[in-house]
Amino acid sequence: MSESAVENLEKQLKQLLGESVPNQAVYNINAAIDLAGILENKGFTFQLKDMCPKSMTETNWRATFSKQDAIFSAENPQSSVAVCMAAVDALRSLSTK
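Quantities reported herein were computed from a predicted structural model and do not represent experimental measurements.

Undergrad: In this structure, what is going on with the pairing of strand S2 (residues 61-67)? I would like to understand it.
TA: The side chains of a regular strand alternate, first on one face of the sheet and then on the other. Two elements, strand S1 (residues 45-50) and S2, share six bridges in a ladder whose sense is antiparallel. In the strand pairing of S2, Leu48 is matched with Ala63. Looking at chain direction, S2 and strand S3 (residues 70-76) are connected through seven bridges and run antiparallel. The partner of Ser66 across the bridge, within S3, is Ile71. Hairpin connection from S2 to S3: two residues lie between these consecutive antiparallel strands, with Gln68 at a positive phi of about 55 degrees.

Undergrad: What is the right way to read the side chain of Ser79 from this model?
TA: Relative to the helices and strands, Ser79 is located in helix H3 (residues 79-95). Judged by relative accessible area, which is 15%, Ser79 ranks as buried.

Undergrad: Looking at this model, I keep getting lost on the sheet that holds S3. Mind explaining?
TA: Whether parallel or antiparallel, the strands of a sheet pair through hydrogen bonds between backbone atoms. Across the sheet, which stays open at both edges, the three strands sit in the order S1-S2-S3 with antiparallel pairing between neighbours. Two strands lie at the open edges of the sheet, namely S1 and S3, each paired on one side alone. Between one strand and the next, the sheet's axes are offset by a mean angle of 15 degrees, whatever the strand orientation. Relative to S1, helix H2 (residues 29-41) is tilted by about 150 degrees, and along the sheet it contacts S1 and S2.

Undergrad: Help me understand the nonpolar core, please; the structure alone is not making it clear to me.
TA: Across soluble globular proteins, nonpolar side chains have a tendency to be buried as a group. In this structure, Leu13, Val26, Leu35, Leu39, Phe65 and Cys84 are the most contacted members of the largest nonpolar core, which totals 26 residues. Only helix H1 (3-17), H2, S2, S3 and H3 provide two or more residues apiece to this core. Element by element, the count of residues in this core is highest for H3, at nine residues. Sequence-distant contacts of Leu35, that is, excluding residues within four places in its chain, are made with Leu13, Leu17, Pro22, Ala25, Cys84 and Ala87.

Undergrad: Sorry, what's going on with the pattern of salt bridges here?
TA: Proximity of charged atoms lets side chains of opposite charge pair with each other. Enumeration over the complete set of coordinates arrives at three salt bridges. Glu75 is the partner of Arg62 in a salt bridge, and the nearest nitrogen-oxygen pair spans 2.8 Å. Pair noted here: Arg62 is in strand S2 and Glu75 is in strand S3, with a separation of 13 residues, a long-range link. A relative accessible area of 30% places Arg62 in the partly exposed class. Of the residues examined, Glu75 reaches a relative accessible area of 35% and is grouped as partly exposed. A salt bridge links Arg92 to Asp89; the nearest nitrogen and oxygen atoms lie 4.0 Å apart. Of this pair, Arg92 and Asp89 both sit in helix H3, three residues apart, which is roughly one turn of that helix. The class for Arg92 is partly exposed, based on a relative accessible area of 39%.

Each value, and the rule that gives it
- Residues numbered from 1 in each chain as written.
- Predicted model: local features only at pLDDT ≥ 70, side-chain atom pairs only at ≥ 80, totals over all residues.
- Heavy atoms only, no water.
- Pairing = 2+ DSSP bridges.
- Helix = DSSP H or I, 4+ residues; strand = E, 2+ residues; numbered from the N terminus.
- Buried < 20%, exposed > 50% of the residue type's maximum accessible area, 1.4 Å probe, protein only.
- Axes fitted to C-alpha atoms, helices over the stretch in contact; angles between N-to-C directions.
- Contact = heavy atoms within 4.5 Å.
- Core = buried A, V, L, I, M, F, W, Y, C linked by side-chain atoms within 4.5 Å.
- Salt bridge = Lys/Arg side-chain N within 4 Å of Asp/Glu carboxyl O.

Read these as layout, nothing more, since geometry by itself doesn't imply function.
If you want it as structure tokens, here you go:
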């Protein structure tokens with residue numbers, strides 16, 4: 001993911017959550033997990049899965065937020081980016097209701 005795409009993801013999170021976005025959530029998995037906690041407080045369930053568990057050289061993470069029948073999922077080699085991408089989709093669903 002390009003640097004501008006990551007910056008755009010950060011911008012989208014700020015627009016959706018304001019100042020409650022954990023600092024460096026797109027870059028740091030601990031902050032991304034804090035972001036997942038914010039969504040869990042909004043009624044979402046969260047799952048993070050390693051899609052290449054047996055590989056020593058490749059990584060691909062799938063982050064999934066779900067609420068009722070809606071599922072918001074994203075994959076990325078960086079776990080924190082996958083969490084943030086899925087979070088943006090899930091938060092957008094709240095803003096359209």
